[in-house]
2 protein chains.
Amino acid sequence: MQLADLYTAQAREALPPLWGPSLETDGEPPLSLAYGLADPALFPQEELVDTTARILASHLNDALNYAPVAPALTTLIAERLHREGVQSHEDEILVAYGSSQILGLLPRVLIEPGDTVLVEAPTFMGAVRQFKRAGAQMIGLPVDAHGLDVEALATTLEALKRKNLRPKFLYTIPTFQNPAGVTLSLERRQRIVELAAAYGVLVVEDDAYVDLRFRGEPLPPMAALDQEGWVLRVGTFSKILAPGLRVGWAHGPRELIARLQMFKLEGASSPFVTHLVARFSANGRLEQHITDLCAHYAIKCATMSQALRHQLPEATFIEPDGGFFIWLQLPQGVQASELAPVALKHGVEILPGTRCYTDGSGEAYIRLAFSELPGNQIETAIRRLSTAIKVVQRPTEGG
Amino acid sequence: MQLADLYTAQAREALPPLWGPSLETDGEPPLSLAYGLADPALFPQEELVDTTARILASHLNDALNYAPVAPALTTLIAERLHREGVQSHEDEILVAYGSSQILGLLPRVLIEPGDTVLVEAPTFMGAVRQFKRAGAQMIGLPVDAHGLDVEALATTLEALKRKNLRPKFLYTIPTFQNPAGVTLSLERRQRIVELAAAYGVLVVEDDAYVDLRFRGEPLPPMAALDQEGWVLRVGTFSKILAPGLRVGWAHGPRELIARLQMFKLEGASSPFVTHLVARFSANGRLEQHITDLCAHYAIKCATMSQALRHQLPEATFIEPDGGFFIWLQLPQGVQASELAPVALKHGVEILPGTRCYTDGSGEAYIRLAFSELPGNQIETAIRRLSTAIKVVQRPTEGG
């Protein structure tokens, strides 16, 4: 008798890990531009210690015993939504262990095997992976300089309707998109909200990067434009405070929030951490911190952009107005999956564009995160990348 | 078109909340003996602040960026398992958001609708609820002064086998059982491990209270007795440090741990909190803290026991050797569900025994937590309970 006989059907089919093992390198570790990590220099180290002292002095039992999420955190999220033009009630907000938990809960409420889900192409594969695991059929919609191509969305919705198919949701990252760095225009936001209502499709608006705007005016989220309850807005404190705290949230129709909560089987998210985040953020401190982050990340983005223009003039990109990433179109003929191991040998890790598509396309692109490394290391990393690209471009001996 | 049309079948059937809304009371809030909360006087407040300062000084990026669970926490859990006689490897341990998350993940790996799960009667309904939601058929096995009745287990396994039914797992709380307070004897532990191997049934050994032993020698966990990989051991830092940190763990066969991990969709548990727990616990500090907790909770248990003997001599109970709970058999004729609202009116909240059975039995019992309240309030609460019982016992006027 085997233990394995006891597994559910779902547990038998294991998905491979999202990221394979890192390739081996000799000597010093590579400079990594592959992942959207925060810059540790920007973590408010001493303030978090002070904040811990203050919450344990004033809310010892609420923070350390069995307790609900800090009410002040829900209030903070509601206030921030209000400033974005979104009116909310307490029971329309779910606090979770990072927005990744929201994305993990979503399929339980919405996806039966075979259901259709619309995503951007390219997109954040950490999300797609959750939808695929639940058995969703993914349809990728193109993205251009102004974000998701809404006419492609309209055409796809109509074509699906003719086949009597109603997609469960559209997953979109409207602001400083991961990986493309582009922002969905206001007109397109309005059009998406109209299409969602017309076709009865939920819009999952993952706005993880929205607060990290370096220039230009903020745009209203689709949750603010929507009048009929077809938008689930997903946010996180990972990019604006610290990923390691694991605090994200969703705002949406009460009934949907209640159902997401129902599948959050371990109960309310950490009382301790939610009190910590709420107290740190109080009295405008979070907004001031975000201002500092934006100034700092804007410089790093400019550093990377300049280095790319200088070192890699044949590669092209749209310089983003915020966020963590530059989406680089490689010089003609350079394949991302061929480049990645060569780059690693030259001491720089990059994310091949193929990791951002559901269908294996993306060979012409790589994603570069400017968020983590200090400016001088970004410059070194881009020099190394440039060398690696030249190596890949060089015709094979005797070829 | 309705949003609700998009829900999965599972999301349509909402379970009612585990605990209904608290009954309204006038004036001051009742003294509650209903829930297994920690005593906030025992939270190491200042040390947790110091520990936060130390981890952010030495492990800023590991604790606050995207990162795995603190390796030191996995090592700590492995060392504690080793002292219990359980040898473990890193990939046999899963750290989660409380043991409740482990109990929530379990059904995804093991339960298909209609599967059989064996539980103790009475048991912890927070766990049962997770199994039921996944569609498990629950079979309750009796508990006596020495824990789960293993002959009832053997008979049940044999009867199921004759019907060609193989239960997915046995869920048991072997030490200072919730709610009965009793501890499974060594002989019975050995017998359960033998039966598990003979019938191919996983034993889920939820030992949340094991470290809170007031007297007597520790018994080996079933995970230490098991030679064939049929035990999943589940533990938590909630009772020995602070529930609000949300840190629990499971140890078991590598393949099973990998599958539980696969369904932990939000990824690794909080880097920040896992570093905090590991650093606090270092250099024997956790074990010293546990010694302090045991001394303190032992006094509260004795206080409640004495008060019960004095105030309610017609009620009977087995004084536990550890844990959080006394399981009180009510005087003849007193029904727990009738008593609960009367007790609340008299300013004491208790958990009716019916909340600890899957089949509505348990009217003869109530669960009393001595863990949370200070000693003098425990005495007041038991006096109030005694009054409430007398009111329920009093023949109705004209009856």
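- By the naming in an unreviewed UniProt entry, chain A is PLP-dependent aminotransferase family protein, taken from Candidatus Chloroploca mongolica.
- Regarding chain A, the UniProt comment filed under Cofactor (unreviewed entry) reads as follows: "pyridoxal 5'-phosphate".

**Structural notes on the sheet that holds strand β5 (residues 147-148) of chain B**
All names here are of chain B.
Argument step 1. Read from one edge to the other, the open sheet built from eight strands follows the order β2-β9-β8-β7-β6-β3-β4-β5, with strand pairing classed as mixed. Each edge of the open sheet is held by one strand with a lone partner, namely β2 (93-96) and β5.
Argument step 2. Bridge analysis of β2 against strand β9 (residues 248-251) gives four bridges, and the strand direction is antiparallel. Within the sheet, the bridge partner assigned to Val95 lies in β9 and is Trp249.
Argument step 3. Strands β3 (116-121), β4 (137-144), β5 and β6 (169-172) of the sheet are contacted by helix α7 (residues 150-162), whose axis makes an angle of about 155° with β4.

**Digging into the relation of the copies chain A and chain B**
Argument step 1. By a simple turn and slide, chain A fits onto chain B: the slide is 0.0 Å along the axis, the RMSD is 0.0 Å, and the turn is 180°. Between the two chains, the operation in question is that of a two-fold axis. If distances are taken from each C-alpha of chain A to the rotation axis, the shortest is found for Val49 of chain A, at 3.3 Å.
Argument step 2. Interface residue correspondence from chain A to chain B reaches 100%, placing this contact among same-surface, isologous pairings.

**Section: the sheet that holds strand β4 (residues 137-144) of chain A**
All names here are of chain A.
Argument step 1. Strand order in the open sheet made by the eight strands is β2-β9-β8-β7-β6-β3-β4-β5, with mixed pairing throughout. Each of the sheet's edge strands pairs with one partner strand only, and the pair in question is β2 (93-96) and β5 (147-148).
Argument step 2. Here strand β7 (residues 202-206) runs beside strand β8 (residues 231-236); their pairing, made up of four bridges, is parallel. Its bridge partner being in β8, Glu205 is matched across the sheet by Arg233.
Argument step 3. On top of the sheet, helix α5 (residues 99-110) reaches β2, β6 (169-172), β7, β8 and β9 (248-251); it is set at about 155° to β8, its chief contact.

**A closer look at the state of the cysteines**
Argument step 1. Throughout the structure, instances matching the rule amount to zero disulfides over all chains.
Argument step 2. Distance from the sulfur of Cys301 of chain A, which forms no disulfide, to the nearest cysteine sulfur (Cys294 of chain A) is 11 Å.

**Points about the packing of helix α2 (residues 45-58) of chain A against helix α2 (residues 45-58) of chain B**
Argument step 1. Interhelical geometry of α2 of chain A versus α2 of chain B gives an angle of 170° and a closest axis separation of 9 Å. When the interaxial angle is binned, α2 of chain A and α2 of chain B end up roughly antiparallel. Taken as a pair, α2 of chain A and α2 of chain B cross one another with a handedness that is right-handed. Here Gln45, Leu48, Val49, Thr52, Ala53, Leu56 and Ala57 of chain A of α2 of chain A lie close against α2 of chain B, whose contacting residues are Gln45, Leu48, Val49, Thr52, Ala53, Leu56 and Ala57 of chain B.

**Side note on the UniProt feature "domain: Aminotransferase class I/classII large" (unreviewed entry) in chain A**
Argument step 1. Using the residue numbers shown here, the UniProt feature "domain: Aminotransferase class I/classII large" (unreviewed entry) corresponds to residues 50-385 of chain A.
Argument step 2. Each end of residues 50-385 of chain A is marked by a C-alpha atom, and these two atoms are 41 Å apart; helix forms 44% of the span and strand 16%.

**Quick look at empty space enclosed by the protein**
Argument step 1. Under the criterion given, the structure shown has five cavities of 30 Å³ or more.
Argument step 2. Approximately 170 Å³ is the volume attributed to the largest cavity.
Argument step 3. Among the elements of the structure, α5 of chain A together with α5 (99-110) of chain B are those that each provide at least two residues to the lining of the largest cavity.
Argument step 4. For the lining of the largest cavity, the residue count by class is six nonpolar, four polar and six charged.
Argument step 5. Approximately 50 Å³ is the volume attributed to the second largest cavity.
Argument step 6. As for the second largest cavity, its lining consists of Leu118, Leu153, Leu157, Leu170, Ile192, Leu195, Ala196, Val201, Leu202 and Val203 of chain A.
Argument step 7. Of all the elements in the fold, those that place two or more residues in the lining of the second largest cavity are α7 (150-162), α8 (186-199) and β7 of chain A.
Argument step 8. Looking at the lining of the second largest cavity, the element that brings in the most residues is α8 of chain A, giving three residues.
Argument step 9. Residues belonging to the lining of the second largest cavity are distributed by class as follows: 10 nonpolar, no polar and no charged.

**Examining unusual backbone geometry**
All names here are of chain A.
Argument step 1. A cis amide bond, omega 10°, links Ala121 with the succeeding residue Pro122.
Argument step 2. Tracing the sequence through the fold places Pro122 in the loop between β3 (116-121) and α6 (125-133).
Argument step 3. You will see that Asn164, though not glycine, has its phi angle at about 65°, which is positive.
Argument step 4. The residue Asn164 is located in the loop between α7 and β6 in this model.
Argument step 5. Residue class for Asn164 comes out exposed when judged on its relative accessible area of 72%.
Argument step 6. Backbone geometry at Arg246 places phi at a positive 60°, although glycine is not the residue there.
Argument step 7. As for its position among the elements, Arg246 is in the loop between β8 and β9.

**Some remarks on the interface of chain A and chain B**
Put simply, an interface is often sized by how much accessible area is lost when its parts join up.
Argument step 1. If you look at the interface, chain A gives 74 residues, while chain B gives 74 residues.
Argument step 2. Interface area for chain A against chain B, summed over the two sides, is near 6,400 Å², with a carbon-plus-sulfur share of 63%.
Argument step 3. Among the residues of chain A in contact with chain B, Leu6, Leu64 and Tyr66 of chain A are the three that bury the most area, contributing 12% of the side total.
Argument step 4. Our enumeration of links across chain A and chain B arrives at two salt bridges.
Argument step 5. Notably, a salt bridge pairs Asp5 of chain B with Arg166 of chain A, separated by 3.2 Å at the nearest N-O pair.
Argument step 6. For the side of chain A that touches chain B, the elements supplying multiple residues, two or more each, are α1 (9-12), α2, α3 (60-64), α5, α6, α8, α10 (254-262) and α11 (271-281) of chain A.
Argument step 7. Considering only residue class, the side of chain A that touches chain B consists of 44 nonpolar, 17 polar and 13 charged.

**Comments concerning the domain arrangement of chain A**
Residue and element names in this part refer to chain A.
Argument step 1. As far as domains go, chain A holds domain 1 (25-44 + 287-393) and domain 2 (45-283).
Argument step 2. Taken over C-alpha atoms, the centre of domain 1 sits 26 Å from the centre of domain 2.
Argument step 3. With 27 residues of domain 1 in contact, the opposing surface of domain 2 contributes 32 residues.
Argument step 4. Between domain 1 and domain 2, the buried area comes to about 2,600 Å², and carbon and sulfur atoms account for 64% of it.
Argument step 5. Among the residues domain 1 hides against domain 2, the three largest losses belong to Pro44, Asp321 and Thr358. Together they make up 25% of the total.
Argument step 6. Linking domain 1 to domain 2 there are four salt bridges.
Argument step 7. Note that Glu319 is salt-bridged to Arg215, the shortest N-O span being 3.7 Å.
Argument step 8. Put simply, domain 1 and domain 2 have 12 residue pairs in polar contact (both at pLDDT 80 or more) between them.
Argument step 9. Every element with two or more residues in the side of domain 1 that touches domain 2 is listed here: α12 (285-311) and β10 (325-329).

Cut-off values and rules
Residues numbered from 1 in each chain as written. Chains lettered and ligands numbered in written order. Predicted model: local features only at pLDDT ≥ 70, side-chain atom pairs only at ≥ 80, totals over all residues. Heavy atoms only, no water. UniProt positions renumbered as here; feature names shortened; annotations may be inferred. Pairing = 2+ DSSP bridges. Helix = DSSP H or I, 4+ residues; strand = E, 2+ residues; numbered from the N terminus. Contact = heavy atoms within 4.5 Å. Axes fitted to C-alpha atoms, helices over the stretch in contact; angles between N-to-C directions. Least-squares fit on C-alpha atoms with pLDDT ≥ 70 in both. Disulfide = S-S within 2.5 Å. Parallel < 35°, antiparallel > 145°, perpendicular 65-115°, else oblique. Left-handed = near helix turned anticlockwise from the far one by under 90°. 1 Å grid on protein atoms, 1.4 Å probe; cavity = no way out; pocket = protein on both sides within 12 Å on 5 of 7 lines; lining within 4 Å. Points joined across faces, edges and corners; volume = space filled by probe spheres on them. Nonpolar A, V, L, I, M, F, W, Y, C, P; charged D, E, K, R; others polar. Buried < 20%, exposed > 50% of the residue type's maximum accessible area, 1.4 Å probe, protein only. Buried area = accessible area lost by both parts, 1.4 Å probe. Salt bridge = Lys/Arg side-chain N within 4 Å of Asp/Glu carboxyl O. Domains from an automatic or database assignment. Polar contact = N/O pair within 3.5 Å; in protein donor to acceptor, adjacent residues only side chain to side chain.

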